[in-house]
Amino acid sequence: MDTLETLLTRTSSPRLCDPPPRGSARERIFRAALRAPDHARLRPWRFLVVEGDGRARLGEAMVRATLAARPDADAQSLDKLAAAPLRAPLVLVLVARTVEHPKVPVIEQQLSLACAAHAMLLAAHALGFGGIWRTGDVTYLDALRAELGLLPTDRVAGFLYLGTPEVAPREPMVADPADFFLDWPPTGG
């Protein structure tokens with residue numbers, strides 16, 4: 001698949017199954033992340049690779065983190081949360097590992113992580129795999145960061161689910177660029 005076709009046809013795949021990307025395909029997807037725009041070469045990202053039994057352990061960590069923040073969370077929500085990482089054979093926890101820098105604000109470093117995640121979604125699509133970036137309330141809890149053994153300054157930005165799509169990808173939404181790209185300064189007036 002050529003680059004432009006990859007960009008124009010990628011959609012999220014919410015239903016994923018085995019096999020996940022392995023071997024050289026996995027390495028290529030991971031290498032794509034490392035090509036994200038990165039002002040001052042800070043490499044402000046880390047990716048926790050979770051598969052196999054680790055997915056259930058991630059779900060348990062998500063439940064513990066939620067209970068620490070909301071002890072009154074209902075059992076149904078907690079069961080759903082525990083099962084969430086099992087929806088794909090490979091889950092990548094997206095971590096922004098930012099630093100104070102005189103020329104690169106934290107937001108720019110976080111955007112670099114977002115670009116890295118998008119690059120992996122595009123690479124997975126180009127290689128015939130599917131993916132989806134998921135978040136949820138648990139994503140932003142300090143207790144989850146602690147459960148995952150991350151630094152106090154790290155921020156979880158979501159979970160990239162990767163695998164083989166169970167169903168054919170849906171058609172990409174068609175949008176008119178004129179609705180989003182505006183001339184500036186405005187003409188007329």
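Numbers given to residues run from 1 along each chain, matching the order in which its sequence is written. In keeping with the model being predicted, local features are shown solely for residues with a pLDDT of at least 70 and side-chain atom pairs are shown and tallied solely at 80 or more, while totals for entire chains, interfaces and linings include all residues. Side-chain metrics in this entry use all non-hydrogen atoms of the structure; hydrogen atoms and water are not considered.

Caption draft 1: Here's a closer look at the packing of helix 2 (residues 23-33) against helix 5 (residues 106-126). Note on geometry: axes are C-alpha line fits, over the in-contact stretch for helices, and angles between N-to-C directions span 0 to 180 degrees. Strands here are runs of E lasting at least two residues and helices are runs of H or I lasting at least four, both read from the DSSP assignment and numbered beginning at the N terminus. Remark: helix 2 packs on helix 5, axes separated minimally by 7 Å, with the N-to-C direction vectors making an angle of 150°. The angle between helix 2 and helix 5 falls in the class roughly antiparallel. Classified by chirality, the crossing of helix 5 by helix 2 is right-handed. Only Ala116, Ala119, Met120, Ala123 and Ala124 of helix 5 make contact with helix 2, whose side of the interface consists of Ile29, Phe30, Ala32 and Ala33. Along the lines of polarity and charge, the residues of the contact of helix 2 with helix 5 split into nine nonpolar, no polar and no charged. Oblique is the label for every angle not falling under 35 degrees (roughly parallel), over 145 degrees (roughly antiparallel), or within 65 to 115 degrees (roughly perpendicular). Should the near helix be turned counterclockwise from the far one by less than a right angle, the crossing is left-handed, whereas a clockwise turn marks it as right-handed. Residues are treated as being in contact if the distance between any of their heavy atoms lies within 4.5 Å. Ten residue types, Ala, Val, Leu, Ile, Met, Phe, Trp, Tyr, Cys and Pro, are classed as nonpolar, four, Asp, Glu, Lys and Arg, as charged, and the remainder, Gly among them, as polar.

Caption draft 2: Summary view of the environment of Phe30. For Phe30, the location among the structural elements is in helix 2. A 1.4 Å probe rolled over the protein chains alone gives each residue an accessible area, and that area as a share of the maximum for its type sets the label: buried under 20%, exposed over 50%, partly exposed in between. Phe30 sits in the partly exposed class, given a relative accessible area of 26%. On a C-alpha basis, the gap between Phe30 and Pro85 in space is 19 Å, while along the polypeptide they are 55 residues apart. The residues touching Phe30, leaving out its near neighbours within four places in the chain, are Val49, Leu92 and Met120.

Caption draft 3: Focus on the environment of Lys80. As for its position among the elements, Lys80 is in helix 4 (residues 75-83). The exposed category is assigned to Lys80, whose relative accessible area is 64%. Between the alpha carbons of Lys80 and Gly59 there is a distance of 9.0 Å; along the sequence they are 21 residues apart.

Spatial relationships are all this shows, so hold off on functional conclusions.
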